[in-house]
Amino acid sequence: MRKLCAIVAVVALGGGGLRAVPWFADVTAQVGLEGGAAASWADYDDDGWVDVCIGQSLFHNESGKRFAQAGEYGGIWGDCDNDGDLDLFVWWGLSKLSLNNGDGTFTDPSDALPALVSEQSRGACWADLNGDGLLDLYVGGYEVWAEIAGFPDTVYVNQGNASFVEHWRTPPGQLQPARGVTSADFDNDADIDIYVSNYRLQPNLLWRNDGSLVFTNLAHEYGVAGDGGLGAYGHTIGSAWGDLDNDGYIDLFVGNFSHPPAYQDRPMFLRNEGPPNYHFEDMSSGAGLQWQESFASPALGDFDNDGDLDLYFTTVYGGDHSVLYRNDGNWHFTDVTAEAGIDAVQTYQAAWADYDNDGDLDLLTGGKLYENQVASGHWLKVRLAGPGSAIGAQVRIQLPRGENPLARQVLTRQVESATGEGNQNELTLHFGLGDHSGPVLLEISWPDGEHEMVPTPVDRLITVTQR
């Protein structure tokens, strides 16, 4: 269902020439946003319009028209006290917890978290790691300079009432420089697993969770550590989970920064092979991603509403440029940055959200908000309400695949806490449905392992509360 060529508008120029109208419009000044630090989208006041933290600034969405600065708050969103509103964990500098009071204000309790052992962090994520309905924290530890040994990754377990205790930290002698931290139940066993992107030519970590706070690093065994096949691992800054081939299993994109010559791991598209082992196959060689040295933070989203996840990938060196890659299916991607009209400066900022509630995804990157002008397919937005803001829940929709009435594709989305390095896409799930206009059946897998089937018409927002 590839429609973009048909829907790109053209306008006449003097002398009879034509030019394509960009697919995205830079509306940053118009809506009053500013700042290029890590971005996290969430509707913190539950008014139906998604708000955003940029660095340590919180911006309130004024009905999709403007953003008003609402305080000095930043971090990643999750309802850690299960009171129905979204709280913030700040993972850099202050490393604190900000509890949402439900009235547009926040409280920063001094005793909620023990003293953080990671004095430097570049990313963290919320996840209910022991299945008790409370969000826990995985905080990545980083190093500032190569000669510093580094700081440990740490797991903090929620005791209820937004009180946390340290459960685990990286043992001495095993410290690695973590950058992005992201999570998913990639093996469909009803507990959330953690992927850690490590810098400085170190293998990445896949912590497989047994559901009782016991974690085993299976990155090498499962094929996601990086292979070092060119001579060394990459400098991984951020990675992103998402079902890139619509087979119902969550795949992984690993965002390797890599210097020339070609002896370090390049960015990697890794296909989840599904049961029984849920190992990963490297699909990178045919994917079409053109190498740039300073690739940094990826974010996945279906910007053209055709049913598959596209890739936006930032760079951070002068001379390199951040790129938007359209998913063409069959593990092939096309660079459409120029057509899209995206001209982001070098940045670590990349996060998707439908800020204006028109059914398509907009992009915040490089200190600019790009409003989507091109998506024309049918769509569905699914807001899941449950313990811990339903982080870790997955929703699947089965649709026909091609002309064969028996062939099916399974669109899969998950409620995720963090993506790339320290960014967060909107918690409301977005499905592009292409030309499918009929009702669909949602297959919901809640974080506690419960399953639910919900029928719904399309082209709307639906809220489902866990029973």
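Residues numbered from 1 in each chain as written. Predicted model: local features only at pLDDT ≥ 70, side-chain atom pairs only at ≥ 80, totals over all residues. Heavy atoms only, no water.

Colleague: Looking at this model, I keep getting lost on the nonpolar core. Mind explaining?
Modeller: Nonpolar side chains in soluble globular proteins generally cluster together in the buried interior. Membership of the largest hydrophobic core comes to 66 residues, with the highest contact counts inside it found for Phe89, Leu97, Trp126, Leu384 and Leu442. Top contributing element to this core by residue count: strand 12 (residues 124–127), with four residues. (Core = buried A, V, L, I, M, F, W, Y, C linked by side-chain atoms within 4.5 Å. Buried < 20%, exposed > 50% of the residue type's maximum accessible area, 1.4 Å probe, protein only. Helix = DSSP H or I, 4+ residues; strand = E, 2+ residues; numbered from the N terminus.)

Colleague: Help me out: how do you make sense of the confidence of the model for the protein chain in this one?
Modeller: The predicted structure's coordinates, where accompanied by low pLDDT, should not be read in detail. When the pLDDT values of the protein chain are averaged, the result is 91; 93% of them are 70 or greater. The model gives residues 1–19 a pLDDT under 50, and that stretch makes 36 contacts with residues more than four places away or in other chains. (pLDDT = per-residue confidence, 0-100. Contact = heavy atoms within 4.5 Å.)

Colleague: What is the right way to read the pairing of strand 26 (residues 323–327) from this model?
Modeller: Regular strands place side chains that alternate from one sheet face to the opposite one. Taken across its five residues, strand 26 has five buried, putting it largely inside the fold. Here strand 26 shows two buried faces, one formed by Val323, Tyr325 and Asn327 and the other by Leu324 and Arg326. Where strand 25 (residues 310–315) meets strand 26, three bridges bridge the pair, whose relative direction is antiparallel. Among the inter-strand pairings, Leu311 is bridged to a residue of strand 26, identified as Tyr325. Of the strand pairs in this sheet, strand 26 and strand 27 (residues 333–335) are connected by three bridges, and their pairing is antiparallel. Each residue of the ladder has a partner; that of Asn327, found in strand 27, is Phe333. Hairpin geometry of strand 26 and strand 27 is characterised by an intervening segment of five residues between the two adjacent antiparallel strands and by a positive phi of about 90 degrees at Gly329. (Pairing = 2+ DSSP bridges.)

Colleague: Which parts of the structure should I look at to understand the sheet that holds strand 36 (residues 451–456)?
Modeller: Paired through backbone hydrogen bonds, the strands of a sheet run either parallel or antiparallel to each other. Spatially, the four strands line up as an open sheet ordered 33-32-35-36, and their pairing is antiparallel. Looking at the sheet topology across the chains shown, the edges are occupied by strand 33 (404–414) and strand 36. Looking at each pair of strands side by side, their axes are set apart by 25 degrees on average, direction ignored. Here eight bridges tie strand 32 (residues 394–401) to strand 33, and the two strands are oriented antiparallel to one another. Note that in strand 33 the partner of Gln398 across the bridge is Val410. (Axes fitted to C-alpha atoms, helices over the stretch in contact; angles between N-to-C directions.)

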